[in-house]
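Architecture and fold: a report
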Amino acid sequence: MNIIFLLAPFSILLALTGLGAFWWTLRNGQYEDPVGDAERILMTDADESPGGV
Amino acid sequence: MALTYGAAAQGDFSAFLRPGPDQSSTLDLLVKGARCAACLAKIEGQVAALSGVTNARLNLTTGKLSVRFGRQAGDPGAVIATLERLGYPTTLYDPAQAAAVQDREGKRLLMALAVAGFGAANAMMFSVPLWAGLFGQELGPATRTFMQWASGLIAAPCALYAGMPFFESAWRSVKAGRANMDVPISLGVILTLLISFQETLLRGRDAYFDAAVSLLFLLLIGRWLDHQLRARAQSAAADLLAMQAPAAAVLDATGAERRTPIGDVAVGDRVLVRPGERVPVDGVVASGCSELDNALLTGETAPQTVGPGLACRAGALNLSGALHLTATARAEDSAVAEIARLIEAGAQAKSRYVRLADRAAGIYVPVVHTAAALTFGLGWALGLGPREALLRAVAVLIITCPCALGLAVPAVQIAASSRLFRKGVLVKSGAALERLAEVDHVVFDKTGVLTLGRPQLIDPASGAVALAAPLARASSHPLARALAAACPGTEIAERVTETPGVGVEGWIGGRRARLGRADFVGAPVSTSGETELWFGFDGDVRVRLGFRDELRPDALETLNALRARGLSVEILSGDLAGPVAEIAKALGVAAWRAALTPADKAAAVDALRAQDRKVLMVGDGLNDTAALSKAHAAMAPGTALDASQNAADLVFSGDELGAVVTAIDVARAARRRALENFSFSALYNLVAAPAAMLGVINPFVAALAMSGSSLVVTLNALRMRRVGR
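Residues numbered from 1 in each chain as written. Chains lettered and ligands numbered in written order. Predicted model: local features only at pLDDT ≥ 70, side-chain atom pairs only at ≥ 80, totals over all residues.

**Here's the deal with the overall build of chain B**
A tally of helices and strands in chain B yields 25 helices and 27 strands. Burial statistics for chain B: of 725 residues in total, 50% are counted as buried. Counting contacts in chain B only where the partners sit at least 6 residues apart, residues at least 24 apart contribute 68% of the total. (Helix = DSSP H or I, 4+ residues; strand = E, 2+ residues; numbered from the N terminus. Buried ≥ 20, exposed ≤ 12 C-beta atoms within 10 Å, placed from the backbone. Contact = placed C-beta atoms within 7 Å.)

Quick look at the structure:
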């Protein structure tokens, strides 16, 4: 039963990492141009970070 | 009002540059017609290759192209010219507007949704053992308290953050003396958290932490869907606002051309208007001769010939020759601005419309709060003890929290508008759909709505057409183009000279011929007011070619379909009585009025409103915009002037007027679904609230009931997808 004291915080930490990652994508402008991003993967030259200008 | 720049984009655009760090500057443009990776690569590649450009990025979702210039001054004119050459119509953003276009609210809702999702999932992790404990599984009081604390410590901060949009809205509405749906939500969430902490401290059994935060999660989905619907329309409106300040080509004393935002054009300025551009401000022609298309301004189909000394109004389209104008009014004082003020007044009237969900909240809120208060009061009086009575009152608040209600309308409206979007109709807001469903009277504009808005040859089989086609092909005048289109594949006449606003002259098969106005060709000037062209070889007979603005192919069918749905139909046009009467007769419309000014149209709509009619206005011109914004609901075709599209609630693309019928059908179906969802919610509350009062609700039942009811309304909303198929 004691393992729960390790596992519970660990699972929350894991979820917090995911939440942080989502926050980063939001700040980074990854939801600004869904249509464009879907098309950009078809372009041959490598692309810099989204958000651009 | 969008300006197109034609092939030439000269002049000084420095007024449109937004300064950035390191002496760099950014130019924002709205690019139309870019749709695929190929367009993206072509535009960004070619623009970035221009000298002085350090970066070019096109947002395909919004159509906004941001071009950054480095330290050495780049040439915005070259950017515009490049885009024109690639075939993408372009408009400049006013820098002040471009900076404001950022979706802060949407980002905040998305983050709140993520936090609520995180909180709900992790609080639930500790709730599962608690629920198991409710069903006689082995769970000691110490473990239970630990689980409750863990659940509460995760859920409470998440609920407070994710609930902020609701708390703020509730506070605003309470301060305004009205209770919207957010008041019971906020009260429910906050009370639930407080009571749950109290129960945890007192080692009680019922803690509803997971319920509070998963309730917010479900509600935020509805809130975000609603926001998405509005954001799309808002960004379209912001685009239009930015484009309302396009550039005018102002000439200074030396004759050099400077691109100036329309708002900065002063009275007395010399303005150059090229063929294909719209007149930016009211003015008097100083030099040059041309024809103006006033169709979007007044609804008149026949072009107006202008020359030195004649006045022209902002918004008119210059058809044939370059004009030099002397501005007689500033942009704020022009005819266009007058209409803009009428639109504003209409928009204010529309904002007073109370949405379906808010009307439901008006009934729901007092009932639920009375029930909760009664539970507490009666429970205590009947000997439950204050703690148990309070717990039951809170259970009533949680179980009846308008989760399903919050999702009921947005889910239906999103489904309905995506259904319409695939049919080529853009819905600007959920409220627009609700208003459209209530409509009982439809008012049509004539030019460009019932008709195609472009002249068609009346008798394309006539022998004269084939003779005149070579000359017509040499001109870009709309009438000449219609003539050339009727006879494809002919060669072009030789030695053609075009006199703007008058006609073309050239040699066909060794004979000199003229095509144009009656006096130019040497024919008797008629006064019929019909749109016409004359053609004749030198010294031969003159032939008259008549043009008419043809009805849309499905106009009659559409009007019959509307009548079959019990809607009355009326035509309000700015055109002359003759053509309007003809159209009205062809369509079997008894109620029609002609030669109306924009204010007349708005007044007509107002009069209908005073009789308690719910009017749908379908119009495309600047002269319709005031009426569009005053009507209960408004639609505009995609070919309409931007200002009209801005004033309309729905915009349909394509040549089919039937979109009006489809939109009404879908709106009515959406209203039915929304009402069904409301009745379901009411039924659910009728069962759940008494159960909560009797104390048979525990945290597990609360979680099940809430997500279950939300699922049912969402599934019901998805049935929308089949309407009108």
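**Regarding the interface of chain A and chain B**
In this complex, chain A contributes 19 residues to the contact, which on the side of chain B involves 24 residues. Secondary structure elements with two or more residues in the side of chain A that touches chain B: α1 (3-27) and α2 (34-40) of chain A. The leading source of residues in the side of chain A that touches chain B is α1(A), at eight residues. Among the residues making up the side of chain A that touches chain B, the classes are represented as 12 nonpolar, three polar and four charged. (Nonpolar A, V, L, I, M, F, W, Y, C, P; charged D, E, K, R; others polar.)

**Quick notes on the domain arrangement of chain B**
If you check the domain split of chain B, you get domain 1 (1-101), domain 2 (244-333), domain 3 (421-452 + 552-668) and domain 4 (454-549). Placing a centre on the C-alpha atoms of domain 2 of chain B and another on those of domain 3 of chain B gives a separation of 29 Å. (Domains from an automatic or database assignment.)

**Re the environment of P157(B)**
Residues and elements named next belong to chain B. Relative to the elements of secondary structure, P157 occurs in helix α5 (residues 141-162). The partly exposed category is assigned to P157, around which 13 C-beta atoms lie within 10 Å. Along the primary structure P157 and D252 are separated by 95 residues, whereas in three dimensions their C-alpha atoms are 63 Å apart.

**Quick look at the sheet that holds strand β17 (residues 451-457) of chain B**
Backbone-to-backbone hydrogen bonds pair the strands of a sheet. The strands run either parallel or antiparallel. All names here are of chain B. Pairing is antiparallel across the open sheet formed by six strands, whose spatial order is β17-β22-β21-β20-β19-β18. Two strands close off the open sheet at either side, each with one partner strand: β17 and β18 (494-499). Ignoring strand direction, the axes of neighbouring strands in this sheet form an average angle of 20°. Two strands pair when backbone bridges link them, and β17 and strand β22 (residues 542-551) are joined in this way by four bridges, in the antiparallel orientation. Looking at β22, one finds that L457 is bridged to F547. (Pairing = 2+ DSSP bridges. Axes fitted to C-alpha atoms, helices over the stretch in contact; angles between N-to-C directions.)

**Comments concerning unusual backbone geometry**
Residue and element names in this part refer to chain B. At R203, a residue that is not glycine, the phi angle is positive and equals roughly 60°. Of note, R203 is situated in the loop between α7 (182-201) and α8 (209-243). For D612, which is not a glycine, the phi torsion comes out positive at approximately 70°. Looking at where D612 falls in the secondary structure, it is placed in the loop between α21 (598-610) and β25 (615-618). Look at D612 and you get exposed, because 7 C-beta atoms sit within 10 Å.

**Let's talk about α21(B)**
Residue and element names in this part refer to chain B. Given a rise of 1.5 Å per residue, 13 residues ought to cover 18 Å, and the 18 Å separating the end C-alpha atoms of α21 matches this to within 8%. Listing the buried residues of α21 in full gives P598, K601, A602, V605 and L608. Buried residues of α21, seen end-on, are gathered within an arc of 120° and therefore sit on one face of the element. Opposite the buried face of α21, at more than 90 degrees from it, the exposed residues are A607 and A610. Looking one or two places after α21, you find D612, whose phi comes out positive at around 70°. (Expected span 1.5 Å × (residues − 1). Arc of directions from axis to C-beta.)

**Points about the nonpolar core**
All names here are of chain B. With 143 residues, the main nonpolar core has A116, A212, V213, L216, L436 and A663 as its most contacted residues. The dominant element in this core, judged by the number of residues it contributes, is helix α24 (residues 659-693), at 16 residues. Not counting residues within four places of it along the chain, the set of residues in contact with V213 comprises A116, G119, A120, A123, A155, C158, A159 and A162. Counting 23 residues, the second largest nonpolar core, distinct from the first, contains A468, A469, A480 and W534. (Core = buried A, V, L, I, M, F, W, Y, C linked by C-beta atoms within 7 Å.)

**Some thoughts on the sheet that holds strand β16 (residues 441-444) of chain B**
All names here are of chain B. Strand order in the open sheet formed by seven strands is β15-β27-β26-β25-β16-β23-β24, and the pairing between neighbours is mixed. Each end of this open sheet is capped by a strand with a single partner; those strands are β15 (425-427) and β24 (592-593). With three bridges joining them, β15 and strand β27 (residues 650-652) adopt antiparallel strand pairing. Within the sheet, the bridge partner assigned to L426 lies in β27 and is V651. Each of β15, β25, β26 (633-637) and β27 touches α24; the most contacted strand, β15, lies at about 45° to it.

**A few points about the environment of G188(B)**
Along the chain, G188(B) falls in helix α7. In this structure, the C-alpha to C-alpha distance between G188(B) and L407(B), residues 219 residues apart in sequence, is 17 Å.

**Describing the pairing of β25(B)**
Residues and elements named next belong to chain B. Residues V615 and M617 line one face of β25 and the alternating positions L616 and V618 line the opposite face, and both faces are buried. Pairing geometry for β16 and β25, over four bridges, is parallel. Across the sheet, the residue bridging to V442 is L616, located in β25. Pairing between β25 and β26: three bridges, direction parallel. Across the sheet, the residue bridging to L616 is A633, located in β26.

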